[in-house]
There are 4 protein chains.
Amino acid sequence: MTRAGGLTVGVVGGTGHTGGELCRLLLGHPEVRTILPTARTEAAFALVHPNLTGSGLAFLPVERLAERAGELDVVFFCTPSGEAMRQARHYAGRGVCTIDLGADFRFADPLVYQRVYGAEHADPGLLAQARYGVTELNRDEIATARLIANPGCYANTAILALAPLLRAGLARPDVPIGIHAVNGTTGAGNTPKKAIMHAEVAGAMLSYSLEGHRHGPELEAFFTTFAGRPVEVDLDTAHGNFARGIHLRADVHLTAAHTRDELLELYTEAYGGEHFVVVNTQPKLGALNEKQYEIYPNLNHVVGSNFCHLGLDTGRGGQVARIVAVTDNLVKGAAGSAIQNMNVALGIDERTGLTAYAL
Amino acid sequence: MTRAGGLTVGVVGGTGHTGGELCRLLLGHPEVRTILPTARTEAAFALVHPNLTGSGLAFLPVERLAERAGELDVVFFCTPSGEAMRQARHYAGRGVCTIDLGADFRFADPLVYQRVYGAEHADPGLLAQARYGVTELNRDEIATARLIANPGCYANTAILALAPLLRAGLARPDVPIGIHAVNGTTGAGNTPKKAIMHAEVAGAMLSYSLEGHRHGPELEAFFTTFAGRPVEVDLDTAHGNFARGIHLRADVHLTAAHTRDELLELYTEAYGGEHFVVVNTQPKLGALNEKQYEIYPNLNHVVGSNFCHLGLDTGRGGQVARIVAVTDNLVKGAAGSAIQNMNVALGIDERTGLTAYAL
Amino acid sequence: MTRAGGLTVGVVGGTGHTGGELCRLLLGHPEVRTILPTARTEAAFALVHPNLTGSGLAFLPVERLAERAGELDVVFFCTPSGEAMRQARHYAGRGVCTIDLGADFRFADPLVYQRVYGAEHADPGLLAQARYGVTELNRDEIATARLIANPGCYANTAILALAPLLRAGLARPDVPIGIHAVNGTTGAGNTPKKAIMHAEVAGAMLSYSLEGHRHGPELEAFFTTFAGRPVEVDLDTAHGNFARGIHLRADVHLTAAHTRDELLELYTEAYGGEHFVVVNTQPKLGALNEKQYEIYPNLNHVVGSNFCHLGLDTGRGGQVARIVAVTDNLVKGAAGSAIQNMNVALGIDERTGLTAYAL
Amino acid sequence: MTRAGGLTVGVVGGTGHTGGELCRLLLGHPEVRTILPTARTEAAFALVHPNLTGSGLAFLPVERLAERAGELDVVFFCTPSGEAMRQARHYAGRGVCTIDLGADFRFADPLVYQRVYGAEHADPGLLAQARYGVTELNRDEIATARLIANPGCYANTAILALAPLLRAGLARPDVPIGIHAVNGTTGAGNTPKKAIMHAEVAGAMLSYSLEGHRHGPELEAFFTTFAGRPVEVDLDTAHGNFARGIHLRADVHLTAAHTRDELLELYTEAYGGEHFVVVNTQPKLGALNEKQYEIYPNLNHVVGSNFCHLGLDTGRGGQVARIVAVTDNLVKGAAGSAIQNMNVALGIDERTGLTAYAL
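Since the model is a prediction, treat every value here as computed from it, not as a measurement.

Criteria and thresholds
- Residues numbered from 1 in each chain as written.
- Chains lettered and ligands numbered in written order.
- Predicted model: local features only at pLDDT ≥ 70, side-chain atom pairs only at ≥ 80, totals over all residues.
- Heavy atoms only, no water.
- Pairing = 2+ DSSP bridges.
- Helix = DSSP H or I, 4+ residues; strand = E, 2+ residues; numbered from the N terminus.
- Contact = heavy atoms within 4.5 Å.
- Axes fitted to C-alpha atoms, helices over the stretch in contact; angles between N-to-C directions.
- Least-squares fit on C-alpha atoms with pLDDT ≥ 70 in both.
- Domains from an automatic or database assignment.
- Buried area = accessible area lost by both parts, 1.4 Å probe.
- Buried < 20%, exposed > 50% of the residue type's maximum accessible area, 1.4 Å probe, protein only.
- UniProt positions renumbered as here; feature names shortened; annotations may be inferred.
- Arc of directions from axis to C-beta.
- Phe/Tyr/Trp six-rings, centres within 6.5 Å; stacked < 30°, edge-to-face > 60°.

Points about the sheet that holds strand β3 (residues 74-77) of chain A
Residues and elements named next belong to chain A.
1) Next: The sheet built from six strands is open, its strands ordered β2-β1-β3-β4-β6-β5 with parallel pairing. The sheet terminates laterally at β2 (32-37) and β5 (131-132), the two strands that pair on one side only.
2) Next: Where strand β4 (residues 97-100) and strand β6 (residues 147-149) come together, three bridges link them in parallel fashion. Along β6, the bridge assignment pairs Thr98 with Leu147.
3) Next: Against the sheet, helix α4 (residues 84-92) makes contact with β1 (7-12), β3, β4 and β6, and its axis sits at roughly 180 degrees relative to β3, the strand it touches most.

Right under this line is the structure:
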C-alpha cells in the first residue's frame with residue numbers, strides 16, 4: 001500500500017510538544033522516508049526540539065507543504081483547534097491520509113463542536129468522512145478512512161479504561177462515571193506562563209478546567225454511541241509534578257456486584273489480542289486494606305511507549321469498579337496512537353515504528 | 001487553664017512522620033514547656049528527625065511516660081491503630097487531655113471500627129467520651145472534651161471541602177460524591193519499601209487502596225450524622241510526586257443549578273470567621289475553557305502551615321459543584337489540627353503555635 | 001533599642017520571592033508591629049503571595065514608603081542591583097537600619113562592583129559605612145552597623161562551609177577551591193521564561209552562568225580579606241529539580257593530610273556556640289566506599305528554616321576536604337539572614353522570629 | 001560476522017536497573033534474536049520489569065546460561081563487582097563476545113583494582129585481553145576485542161566531556177580537574193533503603209561517597225594513559241531529584257587563555273564524525289552574566305537515548321574551561337554504550353538498535 005521507497009509525511013504544526021513527539025516517532029518508523037514538519041517560525045528545528053539534534057529535520061512554511069500535497073502519503077495536524085478544519089480538505093481531497101491530532105473532527109455533529117469549542121465549524125461537510133481513531137475499538141473503520149480524528153489524550157486513555165465495562169452493560173446508567181486524571185505539564189503547552197513555571201508546580205499539582213474539560217463531552221459523545229445509551233462522566237483534570245504521562249482513575253458503579261477476578265477476566269478477554277493494552281492481573285495478597293501498590297499500573301512503566309497499562313479493583317462489596325489506566329500523553333495519548341492509526345490506514349503492521357518499551 | 005509555667009506534653013509514638021511533625025510544632029508553641037516523645041528505639045532523637053537537630057528533645061520509653069502521667073497536661077498518640085485504645089484510659093482517666101491522631105476513637109460504634117479496621121475495639125466504653133476533632137465544625141464539643149479523636153488527613157480535608165454544601169442540603173442524595181485526593185509520600189510512612197523508593201515515584205504517582213481507603217467510611221459516618229441522611233462517597237487515594245500535602249477535589253451533584261458566585265458566597269459565609277480556612281474568590285476571566293490555574297488553590301501555598309485553601313467552580317450549567325481543597329497532610333491533616341484541638345480544649349487561643357504561613 | 005510597641009519595617013521590592021519570604025518571616029517576628037512592602041504593581045498582596053492570604057498586608061508605592069522614612073526602624077531592599085544604591089542614603093541617613101539583600105553594597109571597592117555588575121556604582125561614598133552581613137563571622141560589626149550588605153545566597157552558604165578551614169590556614173593557596181552548588185528554581189526569579197517552565201526542569205537540572213556567577217567574585221573578595229591572602233574559587237551554579245534550597249559542596253586541597261575526625265572537631269569548635277549552624281558529626285560505619293548518605297546533610301532538613309547544616313569527609317588520604325552545606329536559599333540565603341542581621345543590629349536576641357525548624 | 005538468523009545474547013544479572021535496561025534495548029535491536037537474562041530469583045520477568053510486560057522474556061538461572069555458553073554470540077555482565085571476573089573466562093574462552101558493565105576489567109593493573117574495590121582480583125590473567133570500552137576513543141581496539149570493560153557511568157560521561165581538552169594538552173597539569181556530577185536515583189540500585197525513599201529525596205538531593213567515588217580512580221587511570229601524564233580529578237557525586245540521567249560539569253584550568261569559540265571548534269572537530277556526541281554550539285547573546293540556559297545541554301534532551309550532549313563556556317578571561325555533559329546513566333552510561341561496543345565488536349553498524357531519540 002505504501003509507495004516504493006517509503007512514505008512521505010507532512011506534520012502541520014511541528015513546533016509544539018505533540019508535533020515534536022510525532023517527528024521523534026516518525027524518525028524511528030522504518031517505512032517513513034521523508035518527514036516535512038511545518039512552522040511559522042524561522043527557528044532551526046534543533047533549537048526547538050533539542051532532543052532531535054542530529055536528525056537532519058528542518059521546518060518548512062505551511063504554504064510550502066500545501067504546494068507539495070501531491071507528494072504526501074500522510075499528513076498530520078498538530079495545530080490548535082480551528083486550523084485543521086480549514087486545511088484538511090486540501091489534503092484529504094487529494095487522497096492523502098489525513099490525521100488530525102486536534103479536536104476539529106472528533107464530533108460528528110458540528111453543533112456539538114460549536115458548543116464545546118465556542119466556534120463555528122468551518123467545514124462541516126467533511127465530518128461525515130472522519131473516523132474517530134481509538135484503534136483498538138475502531139480498527140476496521142480506520143483501515144478504510146482517509147480522514148481520521150485522533151482522540152484527545154484523556155479521552156483515549158479513559159476509553160480504553162472503560163470500554164469493556166460499558167460494552168458489557170455493567171455500568172449503572174443513573175450514576176455518572178467519575179474520572180480523575182493527572183497529566184504531565186507537557187500537556188499544558190510550551191508557552192511560558194507563571195502558573196506552569198517550575199517553582200509553582202514542583203512539590204504540588206495544578207487543577208484546571210473545573211467547569212468542564214473539553215475531553216468530557218468528547219467522551220460522552222463516544223460512549224453514548226458505544227454503549228447505546230446516554231453516558232455521563234465527571235472528568236477531573238490536573239497537571240501533576242511530572243512532565244509526561246496520564247495517570248487516570250475511574251469509578252464505575254455497577255448494575256450488580258462483581259469480584260475483582262471477574263472484572264479482570266472481562267478486561268483480559270477484551271484486550272487479549274491487543275499489543276498496546278496490558279492488563280495488570282497480579283493477585284491481591286495480604287490483609288484487608290494492606291497497601292499493595294504493585295497491583296495498579298505505574299506511569300513510569302509506560303512513559304515513552306505506546307502502551308496503556310490497566311489495573312483495577314472493586315469497592316463496596318463489588319458494587320463499584322475502580323479502574324486505573326496510565327499512558328504517555330504524547331505517545332498513546334497523541335502521536336503514538338496517530339501513527340498506530342496511520343499504520344492501520346495504510347495497511348502496515350500496526351506496531352511498526354512503535355516498538356519501544358518504556359524506560 | 002494551663003499550669004503555671006507552661007504545659008507538659010507527651011507524644012506517644014514520636015518516631016514517625018506525624019510524631020516528628022507534632023514535636024516540630026510543639027517546639028514553636030509558646031505555652032508548651034516540656035515535650036516528652038516516646039520511642040521503642042534507642043536511637044538519638046536528632047538522628048530520627050534531623051530537621052530538629054538542636055532542639056534538645058530526647059526519646060523516652062513509653063513505659064516511662066506512663067509512669068509520669070500525673071505530670072502531663074496533654075498526651076498525643078501518633079501510633080498505629082490499636083495502640084491508643086489500650087493506653088488512652090490511663091491518661092484520660094487522670095484528666096490528661098488525650099488526643100489520638102490515629103483511628104481508634106473516630107467511630108462512635110465499635111462495630112464500625114471492627115468492620116473498617118478488621119480488629120475488635122479494646123475499650124469500647126471510652127468511645128462515648130471521645131469527640132471528633134474537626135475544630136471548625138465541632139469547636140464547642142472539643143472545648144470540653146478530654147478525649148479527642150483527631151480526624152484522618154483525607155477526612156479533615158474533605159470535610160472542610162464539603163461541609164457547607166452538605167449543611168445547606170445542596171447535594172443530591174442519589175449520586176455519590178466523588179472525592180479524588182493525592183497525598184505526599186510522607187503519608188506512606190517511613191518504612192522502606194520498593195514501591196515508595198524515589199526512582200519508582202519520581203515522574204509518576206501511585207494509586208493505592210482502591211478497594212476502599214479507611215477514611216472513606218470515616219467520612220461517610222461523619223457526613224451521615226452531619227447531613228442527617230446517608231451520604232455515600234467514592235474516595236480515590238494516591239501518592240503524588242511530592243513529599244507533603246493533600247490536593248483533593250470533590251464533585252458534588254446539586255439538587256438545583258447554582259452559579260459559581262452563589263457557591264463562593266456560601267463558602268465565604270461558612271468560613272468567614274475561620275482563621276485557617278481560606279476561600280479563593282478570584283473571579284473567572286477570559287474565554288470559555290481558558291485555563292486559569294490561579295482560581296484554584298495550590299498546595300505550595302499551604303505546605304508547612306495549618307491552613308486549608310479552598311476553591312471551586314461549577315460544571316454542567318451549574319448542576320455540579322467542583323471543589324478543590326489543599327492542606328498539608330502532616331499539619332492541618334494531622335499534627336496541626338491536633339494542636340488546634342489542644343488549644344481549644346485547654347482554652348488557649350486556637351491559633352497559638354500555628355501562626356506559620358506556608359513557604 | 002526598639003521603639004515601644006514594636007518595630008515598623010519597610011520592604012522595598014515586595015513582589016519577588018525574596019520580598020515575599022521576608023514578609024512571611026516578619027509576620028512571625030514578635031517584635032515587628034508594622035510591615036510595609038512596596039510594589040510597582042497595583043496587584044493585591046494576596047494574589048502575588050497567595051501563601052500569605054489572611055495576613056492583611058498590602059503593597060504601597062515605593063514613593064509613599066520614602067515619604068514615611070521617619071516612621072521606620074528598619075528598611076530592607078529586595079530589589080535588582082542598582083536600586084538600593086540610589087535609595088539607601090535616604091533611609092540610612094535618617095538612622096533607619098538599612099539592609100540590602102541585593103549586591104549594591106557587597107564590595108568595598110566600587111570598581112570591583114563595576115567590573116562584576118557591569119555598571120557604575122551610584123553612591124560609592126556609602127560603601128565605607130556598609131558592613132557585610134555574615135552574622136556568624138561579623139557579629140560585632142553588624143551590631144553597630146546602620147547599612148548592612150546581606151550576602152548572596154551562594155556566598156553565605158559557601159562562607160559558612162569554608163570559613164573554619166580558611167581561618168585555620170589549612171587550604172593550599174595554589175589550588176582553587178571548587179564549589180558546586182545547586183539551587184532551587186525560586187532562585188531563578190518569577191518572570192516566566194521557557195527554560196524555567198516546569199516541563200523543562202522536571203526530571204533534570206539547569207546549569208547556568210558558567211562564565212562566572214557573580215557570587216564568585218563576592219566570595220573571593222570576602223575570603224581574600226578573611227584569609228589574608230588571595231583565594232580563588234571555581235563556583236559552579238545550577239538549578240535543581242526543586243523549588244527551594246541550596247545544596248552546595250566544596251573541595252579544598254589541604255596543606256597537610258587531616259582525618260575526618262580532626263576536621264569535624266575544627267568545625268564543631270568553630271560553630272559550637274552558633275544556633276543556626278549545625279555540624280553533622282555522625283561517625284562513618286561500614287566498609288570502604290559503602291554509601292552512607294546520612295553522614296551528609298539533606299536539604300529537606302533545613303528548607304523553611306534559617307539553619308545551615310554542614311557535613312564533611314576527606315579524600316585522597318586526607319589531603320582533600322570535601323564539605324557539604326545545605327541552606328534554604330530564601331531564608332538563610334536571603335530573608336532569614338537579613339532578619340538575623342536586623343536582630344543583631346537592633347540588639348534583639350538573634351534567633352527572634354527565626355525559631356522555625358524545617359518541615 | 002553474526003550468525004545466520006540473528007544473535008543470541010546472555011545477560012548475567014538481569015534483575016537490576018542496568019540488566020533491565022539492557023534487555024529493553026536488546027528487544028529493539030534488529031540483529032538480536034534471542035535474549036537470555038539470568039536471575040537468582042524465581043520472580044516472573046514482567047513483575048521485575050513491568051515496563052517490559054509483553055516482551056515474552058523470562059529469567060533463567062545463571063547455571064543454565066553457563067551450560068548454554070556455546071550457543072551465545074554475546075554475554076553481558078550486569079553484576080556486582082567480583083562476579084564477572086569469576087565467570088568471564090568461561091564465556092570469553094569460548095569466543096563469546098564478553099562485555100562487563102561492572103568494574104572487574106576496567107583496570108589494567110590488578111593491584112589498582114584491589115586498592116579501589118577492596119578485594120583481590122580473581123582472574124588477573126584476563127586483564128591483558130580486556131579493552132576499555134569508550135567507543136568514541138577506542139573504536140579500533142574494541143573492534144577486535146572479545147572481552148570489553150564497559151566504563152562506569154560517570155567515567156564515560158566525564159571522558160567524553162574532557163577528552164578533547166586533554167588530547168590537545170590544554171589542561172594545566174598542576175590543578176586538579178573538578179568534576180561534579182548529579183545522577184538519577186536509579187544509580188542507587190533498587191534495594192529499598194530509607195535514604196533513597198521518595199520522601200527523603202523529593203525536593204532535595206543526596207551527596208554520597210565523598211571519600212572518593214570509585215569512578216574517580218577509573219578516570220585518573222584512563223586519563224593518565226590518554227594524556228601521557230598524571231591527571232588528577234576531584235569527582236563529586238550526588239543523586240538528584242530525578243530517576244535517570246547524569247548532569248555533569250567539569251572545570252579545567254587551561255595552560256593558556258582560550259575563547260569559547262576556540263573551544264567549541266576543538267570539540268566540534270573532535271566529535272564531528274560521532275553520531276552519539278552532540279556539541280551545543282549556540283552563540284552567546286545578551287549582556288554580561290545574562291542567564292542563557294539554552295547554551296548548555298539539558299538532561300531531558302538525552303534521557304532514554306544513547307546520546308551525550310556537550311556544552312561549554314569559559315571563565316576568568318578564558319583561563320578556565322567549564323564543560324557540561326549530559327547522558328542517560330542507564331543508556332550511554334551503561335547498557336547503551338555496551339550495545340554500541342557489541343555492535344563494533346561484531347562488525348555491525350554502531351548505531352544499530354540505538355536509534356531512539358530522547359523523549
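Some remarks on the relation of the copies chain B and chain C
1) Next: Each copy superposes on the other: chain B lies on chain C with an RMSD of 0.0 Å after a rotation of 180 degrees and an axial shift of 0.0 Å. Interpreted geometrically, this transformation is the action of a two-fold axis. The position closest to the rotation axis in chain B is occupied by the C-alpha of Gly203 of chain B, lying 3.5 Å away.
2) Next: Taken as a fraction of all interface residues of chain B, those also at the interface in chain C reach 100%, which identifies the copy contact as same-surface.

Looking at the sheet that holds strand β1 (residues 7-12) of chain C
All names here are of chain C.
1) Next: On the basis of which strands lie adjacent, the open sheet formed by six strands has the order β2-β1-β3-β4-β6-β5 and parallel pairing. Edge positions in the sheet fall to β2 (32-37) and β5 (131-132), since each has one partner strand and no second.
2) Next: Relative to strand β4 (residues 97-100), strand β3 (residues 74-77) runs parallel, the two sharing four bridges. Counterpart to Val74 in the pairing with β4 is Cys97.
3) Next: Contacting β1, β3, β4 and β6 (147-149), helix α4 (residues 84-92) crosses the sheet at an angle of about 180 degrees to β3.

A short note on the domain arrangement of chain A
All names here are of chain A.
1) Next: When the domains of chain A are assigned, the result is domain 1 (7-129) and domain 2 (154-329).
2) Next: When each unit is reduced to the centre of its C-alpha atoms, the spacing between domain 1 and domain 2 is 28 Å.
3) Next: At the junction of the two partners, domain 1 supplies nine residues and domain 2 supplies ten residues.
4) Next: Overall, the association of domain 1 and domain 2 removes approximately 840 Å² of surface from exposure, summing both partners, and the carbon and sulfur fraction of that is 52%.

Things to note about the environment of Lys291 of chain B
1) Next: Within the secondary structure, Lys291 of chain B sits in the loop between β11 (277-279) and β12 (308-315).
2) Next: Residue Lys291 of chain B is classed as partly exposed on the basis of its relative accessible area of 27%.
3) Next: When near neighbours in sequence (up to four residues on either side) are disregarded, Lys291 of chain B contacts Gly187, Ala188, Tyr208, Ser209 and His239 of chain A.

Re the UniProt feature "active site" (unreviewed entry) in chain A
Residues and elements named next belong to chain A.
1) Next: The UniProt record marks Cys153 with the feature "active site" (unreviewed entry), using the residue numbering of this structure.
2) Next: Positionally, Cys153 belongs in helix α7 (residues 153-167).
3) Next: With residues up to four places along the chain from it excluded, the contact list for Cys153 reads Asn183, His215, Ile246, Asn329 and Gly333.

Considering the pairing of strand β7 (residues 177-183) of chain C
All names here are of chain C.
1) Next: Counting buried positions along β7 yields seven of seven residues, so the element is predominantly enclosed.
2) Next: A two-sided burial pattern is seen for β7, the buried positions comprising Ile177, Ile179, Ala181 and Asn183 on one face and Gly178, His180 and Val182 on the other.
3) Next: Looking at chain direction, β7 and strand β9 (residues 233-239) are connected through seven bridges and run parallel. Pairing of Ile177 across the sheet is with Val233, part of β9.
4) Next: The sheet contact formed by β7 and strand β10 (residues 246-253) spans six bridges and is antiparallel. Counted as the bridge partner of Ile179 is Ala250 from β10.

Re α4 of chain A
Residue and element names in this part refer to chain A.
1) Next: Among the residues of α4, Ala84, Met85, Gln87, Ala88, Tyr91 and Ala92 are the ones counted as buried. For α4, the angular spread of buried residues about the axis comes to 160 degrees, placing them on one side.
2) Next: For α4, the secondary structure elements touched by its buried residues are β1, α3 (62-67), β3, β4, α5 (110-117) and β6.

Considerations on the packing of aromatic side chains
1) Next: Counting across every chain of the model gives 48 aromatic pairs over all chains.
2) Next: A centroid spacing of 5.5 Å and a plane angle of 35 degrees characterise the contact between Tyr132 of chain A and Phe222 of chain A, whose relative ring orientation is tilted. With Tyr132 of chain A in strand β5 and Phe222 of chain A in helix α9 (residues 215-227), this residue pair connects regions lying 90 residues apart in the sequence.
3) Next: When its relative accessible area of 12% is taken as the criterion, Tyr132 of chain A is described as buried.
4) Next: On the basis of relative accessibility, which here comes to 12%, the residue Phe222 of chain A falls in the buried class.
5) Next: Here Phe222 of chain C and Phe226 of chain C contribute two aromatic rings whose centre-to-centre distance is 5.4 Å and whose plane-to-plane angle is 20 degrees, an arrangement assigned as stacked.

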